[in-house]
Amino acid sequence: MVELSVVVPCYNEEESVPMLVARLVEAVAPWQDRAEIVLVDDGSSDATWAAITAALHEHPVVRGLRLSGNRGHQVALTAGLEAARGARIFMLDADLQDPPEVLPDMMAMMDQGYDVVYGRRAKRQGETLFKKATAHLFYRVLNHLSDVEIPNDTGDFRLVSRRALDAVLSMPERARFIRGMFAWAGFNQIALEYVRDPRVAGETKYPFKAMLRFATDALTGFSIKPLRFATRLSFLSLFVTVLMGVYVFGSLLMYQTAPGWASLVLAISFFSGIQLLTLGILGEYVGRLYVETKRRPMYFLAEDTANPQSHELALGGDPAQVGQS
């Protein structure tokens, strides 16, 4: 029986994998005969998969999954969680900014009856001021807009029970925001504060563009307040239109009919901006519905070291429609 599964999504992390495995093997040593380390290669373009296969030859506790293409961090993490067999599941990133050495503390806290022990960043080392500021702002704005409270300054670094994981995996959405899904699932949850270390090697896989896309998925997945905001903007636009109508009508009565280009340009810009913003918000939700209704599997497995003969795995959608990867 597997008591503990460790799930790590990896994308272009060939430099990090050896150190990652070494530290994880040491962290799971108390459960080494009842543990597995699941490394998910998210369609890397470097030698990440070679590093994973080399690690599993040295450490039998390691299991490798290779996706058929790059599907993003949240989907790769989902693939690993789907494959995990443990009663408890520990998840972290391959860059080792989140220290695996806190695992015993998390296990002890879960022994007290908690279903989710999530890491809360007390301090972020090795990150730019811009990164820290935008991350701080993201969580506060998300919580203000979200219909469910999502803990501030937390990522996917956490230990979860099997029943909490099964609840999250039963959620069918394709645009995954896993930390929000665990918050929505409920159960007994507690935070463990830690200091986030600098990345051990390589470069961040979350540049500003990826962060913006991630934030959009989070907002559209857990709140309809942006839609309400668009509705209020439309009412504001209508109100300003009425005021301008009164102004124009008054000008006609007072024979002040000389055209003013500044007010005209300002009015056109104002209403055009509101219309485009409203359409953009609606477009995000419509696009999300479009992706969900296609019911495509989120990923296919190219390789699974635990089952070398199996080359297909679908998540979501009708399994009868799934072909070979």
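For the structure, check the block above.
The text that follows walks through the structure, step by step, so that each part is easy to find. (Residues numbered from 1 in each chain as written. Predicted model: local features only at pLDDT ≥ 70, side-chain atom pairs only at ≥ 80, totals over all residues. Heavy atoms only, no water.)

Side note on the overall build of the chain
In terms of regular secondary structure, the chain is built from 10 helices and eight strands. Relative to its full complement of 325 residues, the chain shows a buried share of 45%. Within the chain, contacts between residues at least 6 apart in sequence are counted, and of these 79% link residues at least 24 apart. Total accessible area computed for the chain in this model is approximately 16,900 Å², and 61% of it derives from carbon and sulfur atoms. (Helix = DSSP H or I, 4+ residues; strand = E, 2+ residues; numbered from the N terminus. Buried < 20%, exposed > 50% of the residue type's maximum accessible area, 1.4 Å probe, protein only. Contact = heavy atoms within 4.5 Å. Areas by Shrake-Rupley, 256 points an atom, 1.4 Å probe, with all protein chains shown as cover.)

Focus: unusual backbone geometry
Positioned with a positive phi, Asn-12 is a non-glycine residue whose angle comes to about 50 degrees. As for its position among the elements, Asn-12 is in the loop between strand S1 (4-10) and helix H1 (17-27). Residue class for Asn-12 comes out partly exposed when judged on its relative accessible area of 22%. Its identity is not glycine, yet Leu-96 carries a phi of approximately 65 degrees, on the positive side. Relative to the assigned elements, Leu-96 resides in the loop between strand S4 (88-91) and helix H4 (103-110).

Observations concerning the pattern of salt bridges
Under the criterion given, the structure shown has 12 salt bridges. For Arg-34, the salt bridge is made with Asp-33, and the minimal N-O distance between the two is 3.4 Å. For Arg-88, the salt bridge is made with Asp-111, and the minimal N-O distance between the two is 2.8 Å. With Arg-88 in strand S4 and Asp-111 in the loop between H4 and strand S5 (116-124), the pair connects residues that are 23 residues apart, well separated along the chain. For Arg-88, a relative accessible area of 18% translates into the label buried. Overlapping salt bridges, with partners in common, bring together Glu-3, Asp-33 and Arg-34 in one network. (Salt bridge = Lys/Arg side-chain N within 4 Å of Asp/Glu carboxyl O.)

What to know about the side chain of Ser-5
Structurally, the position occupied by Ser-5 is in strand S1. The buried category is assigned to Ser-5, whose relative accessible area is 0%. Reaching out from Ser-5, the side chain makes a polar contact with the side chain of Glu-36 at a distance of 2.6 Å. For Ser-5, the side chain forms a polar contact with the main-chain nitrogen of Arg-85, separated by 3.3 Å. In contact with Ser-5, not counting residues within four places along its chain, are Glu-36, Ala-84, Arg-85, Gly-86, Arg-88, Ile-89 and Phe-90. (Polar contact = N/O pair within 3.5 Å; in protein donor to acceptor, adjacent residues only side chain to side chain.)

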